[in-house]
Amino acid sequence: MINFQSIELVQDALYQRKYVAQRDLATSIFLSLKLHKPLFLEGEAGVGKTEVGKVLASILDTKLIRLQCYEGLDVNNAVYEWDYPRQILYLRMLESDRVSIGDMENAIYSRKFLLSRPLLEAIEHQEDKVPVLLIDEIDRADEEFESFLLELLSDYQITIPEIGTIKAQLPPVVLITSNRTREVHDALKRRCLYQWIDYPSFEVEFQILKMKVPGLDQQISHQIVSTVQQLRESELFKAPGIAETLDWGLAIQSMDVKILDEETINSTLGVVLKYQDDILQVKEMFATNQGNE
C-alpha cells in the first residue's frame, strides 16, 4: 500500500484523479491511513463522500468493497451467511454414513459452508494490497445494525458463534459515510476519525466543473455554478449536490447552448432538482427576479 509521507501528497493524489479535497479532508485521510483508523465522513447528500472511497481505492490500486446500507440490512447480507442448500446435501451424505450428530454439526458448521458478505470479505482478504471497505450511508440502516460494526471497527475482527473469531491479518482501509438523516451512535463514532464534508465554495465547485466537464464554455460554467450556489441558499426540500452540478454541465454541453437563459434553466431544472415543489418554487423565484429587473 502507498505510504504517504505528507498531507500534501494525499491532496495531490486526489487531485490527479479529479477529486478536489480541502486540506482538512486530506489530513483526515492521511491520519486514517497512518493510524489504521476508520474514517467517518458526514455531510449532505451529493458532496462527494462516496467518491472519496472510490478515488482512494484507485490511488491505492486496490479492491473497493462497498456495502450499501438500507433499512432492514442485517448480518446475513452484511457480514456472513450459511450456505444452507449445500449444508443440507452434505448432511444427507453424512446420514447415509451413519455419522454421529456431534460430528455432523462440526462438519456442516465449518468455514467451507460460510458465504462471505462485504464485511467478512474485507476482513478475510488474501491479497497483498489491503482493500478499501466503504460502508455507505450508514444512517439508512437500522440502529441495531451499528452493533455489528463495533467489533470490526475496534479490532478488525468478526466473531461467528459456530466458528469463533476471524481477525484480519492486515486491517482494511475503512470509510463510513452518513447523510445525517439520523444521528449515528457515539459508540460507533468513537471508533473512527471524523470529518464533515460541506458544500464546496464557488471557486472550488467551478474548478471541479471545469475538471469533470472539459470543453464546457467558461461563461456557462460560471453561470451554472452561480445558479447552483444560489439554489442551495433557497429553502428547498433537497438542495442540489456536486453530482447535480456536473450532470447539469453535461446536459447543457450536450444541448450546445451558448447562454444559460431563463428558458434553458426552466427546461433543464429536472437535472438539478428532484422534487416538483422545488422546481415550481425555483421557477417562481426566477420569474420574480426577472420581473424586478
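Residues numbered from 1 in each chain as written. Predicted model: local features only at pLDDT ≥ 70, side-chain atom pairs only at ≥ 80, totals over all residues. Heavy atoms only, no water.

*Asks:* Hey, could you go over the packing of aromatic side chains for me, with residue numbers and the actual values?
*Replies:* Evaluated as defined, the whole model comprises five aromatic pairs. Each ring, one from Trp82 and one from Tyr109, has its centre 5.1 Å from the other, and the planes form 85 degrees; the classification is edge-to-face. Placement of the pair is Trp82 in strand β3 (residues 80–82) and Tyr109 in the loop between α6 (101–108) and β4 (114–116), with a sequence separation of 27 residues. On the basis of relative accessibility, which here comes to 32%, the residue Tyr109 falls in the partly exposed class. Centre to centre, the rings of Phe145 and Phe148 are 5.8 Å apart; their planes meet at 70 degrees, and the pair counts as edge-to-face. Overall, Phe145 belongs to the buried group, its relative accessible area being 1%. Judged by its relative accessible area of 36%, Phe148 falls in the partly exposed class. (Phe/Tyr/Trp six-rings, centres within 6.5 Å; stacked < 30°, edge-to-face > 60°. Helix = DSSP H or I, 4+ residues; strand = E, 2+ residues; numbered from the N terminus. Buried < 20%, exposed > 50% of the residue type's maximum accessible area, 1.4 Å probe, protein only.)

*Asks:* Break down the nonpolar core for me, with residues and values.
*Replies:* Leu119, Ile135, Ile138, Phe145 and Ile176 are the most contacted members of the largest nonpolar core, which totals 33 residues. Counting only elements with at least two residues in this core, the list comes to β2 (64–68), β3, α7 (118–123), β5 (132–136), α8 (146–155), β6 (157–160) and β8 (173–178). Looking at this core element by element, the count peaks at four residues for α7. In contact with Phe145, not counting residues within four places along its chain, are Leu67, Cys69, Leu73, Ala78, Leu119 and Ile138. (Core = buried A, V, L, I, M, F, W, Y, C linked by side-chain atoms within 4.5 Å. Contact = heavy atoms within 4.5 Å.)

*Asks:* Residues and numbers for the pairing of β6, please.
*Replies:* Direction of pairing for β6 relative to strand β7 (residues 164–167): antiparallel, over a ladder of four bridges. Opposite Ile158, over in β7, you have Ile166 as the bridge partner. What sits between the antiparallel neighbours β6 and β7 is a turn of three residues. (Pairing = 2+ DSSP bridges.)

*Asks:* Quick one: what's the story with the state of the cysteines, residue by residue and with numbers?
*Replies:* Inspection of every chain in the model, using the stated rule, returns zero disulfides. No disulfide involves Cys69; its sulfur sits 12 Å from the nearest other cysteine sulfur, which is in Cys192. (Disulfide = S-S within 2.5 Å.)

*Asks:* Which residues make up the side chain of Ser221, and what values go with them?
*Replies:* Following the sequence through the fold, Ser221 ends up in helix α11 (residues 218–233). Sequence-distant contacts of Ser221, defined by excluding residues within four places in its chain, comprise Phe206, Leu209 and Leu216.

*Asks:* So, the environment of Val10: which residues are in play, and what are the values?
*Replies:* With respect to the helices, strands and loops of the structure, Val10 is situated in helix α1 (residues 7–16). Judged by its relative accessible area of 2%, Val10 is buried. Spatially, the C-alpha atoms of Val10 and Leu56 are 9.5 Å apart, while their sequence positions differ by 46 residues. When neighbours within four sequence positions are excluded, Val10 is seen to be in contact with Phe4, Ala26, Ile29 and Phe30.

*Asks:* Go over the side chain of Asp139, please, and point to the residues and values.
*Replies:* Residue placement: Asp139 occurs in the loop between β5 and α8. Despite its burial, Asp139 pairs with no opposite charge; the closest candidate is Arg140, at 5.8 Å N-O. Reaching out from Asp139, the side chain makes a polar contact with the backbone nitrogen of Asn179 at a distance of 3.2 Å. In this structure the side chain of Asp139 is engaged in a polar contact, spanning 2.6 Å, whose partner is the side chain of Thr181. Residues within four places of Asp139 in sequence aside, it is in contact with Thr177, Ser178, Asn179, Arg180, Thr181 and Arg182. (Lys, Arg positive; Asp, Glu negative; His and termini not counted. Salt bridge = Lys/Arg side-chain N within 4 Å of Asp/Glu carboxyl O. Polar contact = N/O pair within 3.5 Å; in protein donor to acceptor, adjacent residues only side chain to side chain.)

*Asks:* Quick rundown of the pattern of salt bridges? Include the residues and the values.
*Replies:* On inspection of all chains with the given rule, the structure shows 14 salt bridges. The shortest N-O distance in the salt bridge between Asp83 and Arg86 comes to 3.8 Å. Here Asp83 falls in the buried class, since its relative accessible area comes to 14%. Here Arg86 falls in the partly exposed class, since its relative accessible area comes to 39%. Each member of the salt-bridge network shares a partner with another, and the members are Glu42, Arg180, Glu183 and Lys189.

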